[in-house]
4 protein chains.
Amino acid sequence: MHRIPAGVLGASGYAGRELVGLLLGHPVFELAFATANAQQGGTARFGPQTVTFCAPESVDFAATPLVFSCLPHGASAEWVSRARAKGARIVDLSHDLRPGHGASISAPYGLTEFNRAPVQQATVVANPGCYPTSILVPLAPLVRQALVAPAALVTVTSASGVTGAGLSPRTDLLFGELTEDYRAYGTANGHRHLVEMRATLAAWGADVDLHFTPHLLPVARGILSTLLVPLRAPIGDPLAFFREAFAGEPFIEVADDPPTLHDVQRRNVVRVWATMSAHVRQPLLQVVSAIDNLVKGAAGQALQNANLMFGLDETLGLPR
Amino acid sequence: MHRIPAGVLGASGYAGRELVGLLLGHPVFELAFATANAQQGGTARFGPQTVTFCAPESVDFAATPLVFSCLPHGASAEWVSRARAKGARIVDLSHDLRPGHGASISAPYGLTEFNRAPVQQATVVANPGCYPTSILVPLAPLVRQALVAPAALVTVTSASGVTGAGLSPRTDLLFGELTEDYRAYGTANGHRHLVEMRATLAAWGADVDLHFTPHLLPVARGILSTLLVPLRAPIGDPLAFFREAFAGEPFIEVADDPPTLHDVQRRNVVRVWATMSAHVRQPLLQVVSAIDNLVKGAAGQALQNANLMFGLDETLGLPR
Amino acid sequence: MHRIPAGVLGASGYAGRELVGLLLGHPVFELAFATANAQQGGTARFGPQTVTFCAPESVDFAATPLVFSCLPHGASAEWVSRARAKGARIVDLSHDLRPGHGASISAPYGLTEFNRAPVQQATVVANPGCYPTSILVPLAPLVRQALVAPAALVTVTSASGVTGAGLSPRTDLLFGELTEDYRAYGTANGHRHLVEMRATLAAWGADVDLHFTPHLLPVARGILSTLLVPLRAPIGDPLAFFREAFAGEPFIEVADDPPTLHDVQRRNVVRVWATMSAHVRQPLLQVVSAIDNLVKGAAGQALQNANLMFGLDETLGLPR
Amino acid sequence: MHRIPAGVLGASGYAGRELVGLLLGHPVFELAFATANAQQGGTARFGPQTVTFCAPESVDFAATPLVFSCLPHGASAEWVSRARAKGARIVDLSHDLRPGHGASISAPYGLTEFNRAPVQQATVVANPGCYPTSILVPLAPLVRQALVAPAALVTVTSASGVTGAGLSPRTDLLFGELTEDYRAYGTANGHRHLVEMRATLAAWGADVDLHFTPHLLPVARGILSTLLVPLRAPIGDPLAFFREAFAGEPFIEVADDPPTLHDVQRRNVVRVWATMSAHVRQPLLQVVSAIDNLVKGAAGQALQNANLMFGLDETLGLPR
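What counts, and at which threshold
Residues numbered from 1 in each chain as written. Chains lettered and ligands numbered in written order. Predicted model: local features only at pLDDT ≥ 70, side-chain atom pairs only at ≥ 80, totals over all residues. Helix = DSSP H or I, 4+ residues; strand = E, 2+ residues; numbered from the N terminus. Rg over C-alpha atoms; globule rule 2.2 N^0.38 Å. Buried ≥ 20, exposed ≤ 12 C-beta atoms within 10 Å, placed from the backbone. Contact = placed C-beta atoms within 7 Å. Pairing = 2+ DSSP bridges. Axes fitted to C-alpha atoms, helices over the stretch in contact; angles between N-to-C directions. Nonpolar A, V, L, I, M, F, W, Y, C, P; charged D, E, K, R; others polar. Least-squares fit on C-alpha atoms with pLDDT ≥ 70 in both. Parallel < 35°, antiparallel > 145°, perpendicular 65-115°, else oblique. Left-handed = near helix turned anticlockwise from the far one by under 90°. Domains from an automatic or database assignment.

## As for the overall build of chain A
- Within chain A, the secondary structure is distributed over nine helices and 14 strands.
- For a compact globule of 320 residues, the expected C-alpha radius of gyration is about 20 Å, and chain A comes in at 19 Å, within 12% of that figure.
- Judged by the C-alpha coordinates and their principal axes, chain A covers about 60 × 45 × 35 Å.
- Expressed as a percentage of the 320 residues in chain A, the buried residues total 58%.
- Nonlocal contacts in chain A, meaning residues at least 24 apart in sequence, comprise 69% of its contacts between residues at least 6 apart.

## What about the sheet that holds strand β6 (residues 89-92) of chain A?
All names here are of chain A.
- Taken together, the five strands give an open sheet; going across it, the order is β2-β1-β5-β6-β7, and neighbouring strands pair in parallel fashion. Two strands bound the open sheet, and with one partner strand each, they are β2 (29-34) and β7 (124-126). Neighbour-to-neighbour, the strand axes of the sheet open up by a mean angle of 20 degrees, direction not taken into account.
- Summarising the sheet, strand β1 (residues 4-9) and strand β5 (residues 66-69) pair through four bridges and their orientation is parallel. Within the sheet, the bridge partner assigned to G7 lies in β5 and is V67.
- Strands in contact with helix α2 (residues 76-85) are β1, β5, β6 and β7; relative to β6, the strand with the most contacts, it is inclined by about 165 degrees.
- Of the strands in this sheet, β2, β5, β6 and β7 are in contact with helix α9 (residues 295-309), which crosses β6 at around 155 degrees.

## Comments concerning the interface of chain B and chain A
- Facing 31 residues of chain B, the contacting portion of chain A comprises 31 residues.
- Secondary structure elements with two or more residues in the side of chain B that touches chain A: β8 (152-160), β9 (183-184), β10 (208-216), β11 (223-230), α8 (261-264) and β14 (284-291) of chain B.
- Considering every element that reaches the side of chain B that touches chain A, the biggest residue donor is β8 of chain B, with four residues.
- Residues belonging to the side of chain B that touches chain A are distributed by class as follows: 16 nonpolar, 10 polar and five charged.

## Structural notes on the interface of chain B and chain C
- Counting from both sides, the interface comprises 16 residues of chain B and, opposite them, 16 residues of chain C.
- Among the elements that line the side of chain B that touches chain C, the one with the most residues is helix α5 (residues 175-178) of chain B, at three residues.
- Of the residues assigned to the side of chain B that touches chain C, the class counts are 11 nonpolar, four polar and one charged.

## Notes on the relation of the copies chain B and chain C
- Relative to chain C, chain B is turned by 180 degrees and slid 0.0 Å along the rotation axis, the superposed coordinates differing by an RMSD of 0.0 Å. Here the two chains are linked by the operation of a two-fold rotation axis.
- Both copies contact each other with a shared surface, as 100% of the interface residues of chain B are interface residues in chain C too.

## Considerations on helix α1 (residues 14-24) of chain A
- Burial within α1 of chain A is extensive, with nine of its 11 residues counted as buried.
- Residues of α1 of chain A that are buried include every one of Y14, A15, G16, R17, E18, L19, V20, L22 and L23 of chain A, and no others.

## What to know about the environment of V208 of chain A
Residues and elements named next belong to chain A.
- Note on placement: V208 falls in strand β10 (residues 208-216).
- What makes V208 buried here is the crowd of 23 C-beta atoms within 10 Å.
- With residues up to four places along the chain from it excluded, the contact list for V208 reads V148, A152, V154 and L201.

## Some details on the packing of helix α1 (residues 14-24) of chain D against helix α9 (residues 295-309) of chain D
Residue and element names in this part refer to chain D.
- At a minimum axis distance of 9 Å, the contact between α1 and α9 shows a crossing angle of 40 degrees. Our classification of the angle between α1 and α9 gives oblique. Crossing hand, α1 versus α9: right-handed. For the pair α1 and α9, contact is made by A15, E18, L19 and L22 and by V295, A298, A299, G300, A302 and L303, respectively.
- Here the residues of the contact of α1 with α9 are counted per class, giving eight nonpolar, one polar and one charged.

## What to know about the sheet that holds strand β12 (residues 252-254) of chain D
Residue and element names in this part refer to chain D.
- Taking strand neighbours across the sheet as the criterion, the seven strands line up as β9-β10-β8-β11-β14-β13-β12 in an open arrangement whose pairing is mixed. A strand with exactly one partner marks an edge of an open sheet, and here the two such strands are β9 (183-184) and β12.
- Relative to strand β14 (residues 284-291), strand β11 (residues 223-230) is paired through eight bridges, and the arrangement is antiparallel. When the bridges of β14 are listed, P230 appears paired with L284.
- Along the sheet, helix α7 (residues 238-245) contacts β12, β13 (270-276) and β14; its crossing angle with β13, the most-contacted strand, is approximately 145 degrees.

## Observations concerning the domain arrangement of chain A
Residue and element names in this part refer to chain A.
- Here chain A is described as being made up of domain 1 (4-128 + 297-309) and domain 2 (130-293).
- A separation of 25 Å is found between the C-alpha centroids of domain 1 and domain 2.
- Contacts between the two partners involve 17 residues from domain 1 and, on the opposite side, 25 residues from domain 2.
- Residue contributions to the side of domain 1 that touches domain 2 peak at five residues, all from α9.
- The residue inventory of the side of domain 1 that touches domain 2, partitioned by class, reads seven nonpolar, eight polar and two charged.

## Some points on the relation of the copies chain B and chain A
- With an RMSD of 0.0 Å, the fit of chain B onto chain A corresponds to turning through 180 degrees and sliding 0.0 Å along the axis.
- When you check the interface residues of chain B against chain A, 100% turn up at the interface there too, and the contact is symmetric in its surfaces.

What follows is the structure, given as structure tokens:
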């Protein structure tokens, strides 16, 4: 098969680096460029290969059918427009085009498993946030099958590795500040992801309140989310329910035991476990889900979407 | 002031080590013995000092007015009885005598701040678990002032450093297995602590369901608990509420920002922060609390109780 | 190409797990069995696949042309003999058959890059230790080209991730004991590796003393070795020297900067950097080398040797 | 005893923070000010206490008999001069006044145990670097008793926790970049410390070459140094030698086993172990020493020097 040139805008951050690494191993897409504003002319190593960063202004979008934008939130939408104007198709990994953000560019939400048809047709796809991916995947079949109690309060506690905060020169993200520490955070970031999740749940017709508390873990990568979902009625066998709901999905695993970060690191999967909560008076489903925030939570899902957009096997080039 | 001999049963585990270290720096209590079944004759270093472990059978309880038991759950109650029979007063750090465990020995629950009078009079004190300490301290004023909504579902997500799992030769606790990992757990341990918390809440007259999910962190020490508490009505200023509720408490801190593990490691404090949850339809209080599981969650609170039992200043020898 | 059955003895430890994972992705070898004494009937997950452990006694070596032994030191030689008697060819990852250990079974030393012809012909190969791999690879061209000063004292300081110590239930390897720690060790293990390195250097005709100090790092995987090698005369451009010496080697990288563990984790490479030491009176070469102790230091190199033994492309199924 | 006001210039970095913490617990010195250029008006918590940073320009040195400078290298000397001109006595923790740096201000080198008399009399003391403290302390008795072989090459490999690199917004020091990593470094920093050590050794009359390789550890605090010292003749019992050499020293410990970082963290000690190297032809002493880089390697030793300068018990306020 002939190769399809693919470029990465904002390739020097964590998600961009991950995406470049995946593209270097992809059998059809071929890395055409990798931009990095601050480091243009600089290089990065990917195993035995070296990639040289260029300036986004130097890019020929007309010659690049596929563009990924890992640019910072706020800066991405403009470059998406430029690339689209030249005929490129784009997967945008920023917040800019996601549900609830009032974007002027319309783009289907690339939570792949629940939006395949629109993604296949799309010129631009809004790639989901990492937290929303870990949370919305298990919520989707519950909401879609109307199992959630009306006006329920769904509570989610998530913990993320520090690559979720980006490759930024911040003293609060130094090793010396985070080792042996753990904290709740999430006013700024948390809210942005909360908006994205609420808008998506509303679009799905869910009548729920969502309470979300993110935490920062002293690990590099991975997100673990613990959900409590009030149901209309107990589900007899929650694992069987999810196994049926996700049957045939190559990137969703239903586990016999609560997943851990080690189960999912460097893999493009959402791993889910669930049980009915004992000892409480209402029917309450507890779900634990895990993803790699840089793979299924960012670069991997972006590539999964791109595979669909270009009519390829959805699993091409993705680590399982 | 003359010194009071104090002994530690089960001194080779994490809580026992911490307690021996605190006793070596205590101005009134004086380390009389430190037992370790498997390591008798062995030694442990505490800064410039070295302690030699002896067998519990060799101990003269009659000459030791104060005994701490850090023996394993199940084995502790018997030694508490033996020591009590010889006239010692005991702080038991095991589950054995805690609320909800059906113990034959009656012992006040040593959640110090809420039980001072019984502790002062007690021959035996049941020292609280680490998770319950982090959770019950902020719940206490809410329950006691009847602010919690009737039949509420209180949900708690906690994360603990690995010393909470003890100094046991288990492959699942090896560094190579836990670094860069994070997981929910808590069938065994979780349930025991859940029983302790439910029994205590019931004793306080609370009509609540409690859902508790513990997690294992790749850090050595510290517990962070995130609580969601449905209220009868919103509290206008939750920090002011807690500041008033805990006024004068030397070991409870109300913080302006969510506490982190670094704030409390190696200190005998519970640090609490709270806010009313926005974006949800019901009045919902979110609380984050942090402790050092080995200090306020074990050895430190045990020493705090012992200080009270012997009529000493409650803060003696405790790191703040 | 038809698949070749390959079995792993001792598959539940770290090296065995790594090897099973590599075999599951190998295009020619096919996992025939994975034994685990203590866990027979137990299972382990490898991404989406699950492997069930069997007892070594149940294995049909006659049907398994290729066997890897990851059995403990001391126990491995006997099983190598059994498998060989049934016609299998074996790569032994234990110390048992390595240089200097007085083994009764003769086996070429599988430091692949320097022993290809004997490995290709061998029935049994002694796979090198992890430390020796990181140290002997850069020493080899210096010794072979007689650049080392006569009777020189070569000093090596190495640091290894904790998987090097195995998946053993030892309290000194618990996360709580090793996080935020670092130590020199190496009487037992160090000496065994020292014997292996000395015997190899002697076989190469080197007239050197070797001083070796291993350290234990709070990381899961990786070895970094820092060597100081007195030379007969300065090398003008040490990087150019190593680039020429290792030209064409697929698994040896000569780097422009000192390598770090991140450069080599999960890859079957030795990464080497060198410089002449300034500020000292004698010609002294400083070398820094890095490997993944479980890949190039164990399972990866074992598979590299097996590829050669079966006439396959040496790089098949190996992560670069 | 009346309290002596003491100020800290540059209190927002790691060494400054440590020093402020120690001063808050000191029985005689009393924190008068803590400056932080970038964060003036900002605050930092030290257990239950909060400290507000001021601008250095606002400080009244005439009212502060004791000043510690934790200012950046290059910026410190000027402020030392200003403070001295107002009558303050100063301990400077920067490189600026250390041996080999060609400082215009003369200041005794505060490697306390070997320079007590000059320190007691000094107006300004140059506090040693962290690496030099860990290395020069065990070298001192060997050099001073002329045990080192003439023209010997002394080789030192050290590994430091990341607080040694300071609290700077550098992406290469982020948690996500350093966890599970380990590296040699040390052109810049290493050389500065090498200059300091060479100048000190020369001042002691040592005829040695010194080779020094620093490494960066994924831990917050601590330095472990491994030294190889060629001797004129073997020392029969190296531990006995060091015990005698350091007899009576409150802050130097000679250990029966190689020290680890856990042995020294948060303590103002150098912990030393040594053995004669077997298996090599020359008499070679191997030494392992450990310190906390922020305590004995910076703030603690600075306070130890200040205690001497003000005629106090040298151990006052220092954690052992």
